[in-house]
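This is what each chain is made of:
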Amino acid sequence: MIKSDMELKRKKALKKVTDAIELHNGTTILSTGITGDDARLAKAAVDGGARMLEPNHPALALARGYKGVNNMHDAEMVRHEISLDQMLESTSGVRNVVGQDIFITVGVPGGFTEVMPVELSDEDFKKISLSGADGLHTHKSSLEDLKIWVEKAHRYGLLVDAYIGHPNDLHTFGIAAETPEDVSIVAKKLEEIGVDMIGLMTGMSYEGVKAGEIPEIIEKRVRALVSSVSVPTLAEGGINKANFHRFKELGINILVVGTSIDNVVTKAASDTVKKFLER
């Protein structure tokens, strides 16, 4: 282990994050979904101004049609079956196309609260680091497990972005915090154990909140997060062109955007094919 080199790698990765936030006046986006796993679309996102990307295993399961899944909800149920090698190949391909200045955080099997347990070895963390990843995107639901994850990630020069969820979320996507006060408490604990970026799952991913609406309780939870920590903050779930301004106003540093972009890309593909087939 070359400790100083790994520490330097983390510093460079964090600079990519802070530079992106500064470039975009305090709030940037992390482009995921199709644009995280498909190198061509990752490049398109970067050409549009994105400085942060996120390949992840549920999105890859969906992209590959693994076991016939055709929506993200179903993909979450089989994400743990995507192999680490598949994720490394995807990450490496994206890195090769977008260059070294773009921040890439990757979600891998074992990094979330999986349906079936997946354990990663130190050698696996090393492989992730060497694949071109700057960070690990994690949805661990135990502080004890997350602390181990952070220590291993840091050992191999990787930042960690971890999330706070709600006990009633459809899927388990982070440390549970029921009230805004709980969000504040959990956020501080995450910062204490070394999490480099702290995110909040909005709960809007699958619950069908209408475009442009941000329930008051979500605003309170966002405020609790932003006011409690000094590290960069993220929001994920249901963020779209109609409501993203509100998140910016609330002080979130990074908006995780996947489905909104996916929907535009898939509709454009469908509309283009229809156009070619018009009489």
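Whatever comes next refers back to the structure up there.
Residues numbered from 1 in each chain as written. Predicted model: local features only at pLDDT ≥ 70, side-chain atom pairs only at ≥ 80, totals over all residues. Heavy atoms only, no water.

Draft legend 1. Quick look at the side chain of Lys 140. Note that Lys 140 resides in the loop between strand S4 (135–138) and helix H8 (143–155). With no salt bridge to any partner, buried Lys 140 finds its closest opposite charge in Asp 145, at an N-O distance of 5.2 Å. Within polar-contact distance, the side chain of Lys 140 engages the backbone oxygen of Gly 110 at 2.6 Å. Here Lys 140 is in contact with Gly 110, Gly 111, Phe 112, Thr 113, Asp 145, Leu 146, Trp 149, Gly 174 and Ile 175, once residues within four sequence places are set aside. (Helix = DSSP H or I, 4+ residues; strand = E, 2+ residues; numbered from the N terminus. Buried < 20%, exposed > 50% of the residue type's maximum accessible area, 1.4 Å probe, protein only. Lys, Arg positive; Asp, Glu negative; His and termini not counted. Salt bridge = Lys/Arg side-chain N within 4 Å of Asp/Glu carboxyl O. Polar contact = N/O pair within 3.5 Å; in protein donor to acceptor, adjacent residues only side chain to side chain. Contact = heavy atoms within 4.5 Å.)

Draft legend 2. The pattern of salt bridges, seen in detail. As enumerated under the stated definition, the model contains 16 salt bridges in all. A salt bridge links Asp 38 to Arg 40; the shortest N-O distance between them is 2.8 Å. Residue Lys 220 is joined to Glu 216 by a salt bridge in which the shortest nitrogen-to-oxygen separation is 3.7 Å. Note that Lys 220 and Glu 216 are positioned in helix H10 (residues 216–228) at a spacing of four residues, about one turn of the helix.

Draft legend 3. Quick peek at the nonpolar core. Val 108, Ile 128, Leu 136, Ile 164, Leu 190, Ile 198 and Leu 225 are the most contacted members of the largest nonpolar core, which totals 49 residues. When sequence neighbours within four positions are dropped, the list of residues in contact with Ile 198 reads Ala 162, Ile 164, Ala 187, Leu 190, Glu 191, Leu 225, Val 229, Val 231, Pro 232, Thr 233 and Leu 234. (Core = buried A, V, L, I, M, F, W, Y, C linked by side-chain atoms within 4.5 Å.)

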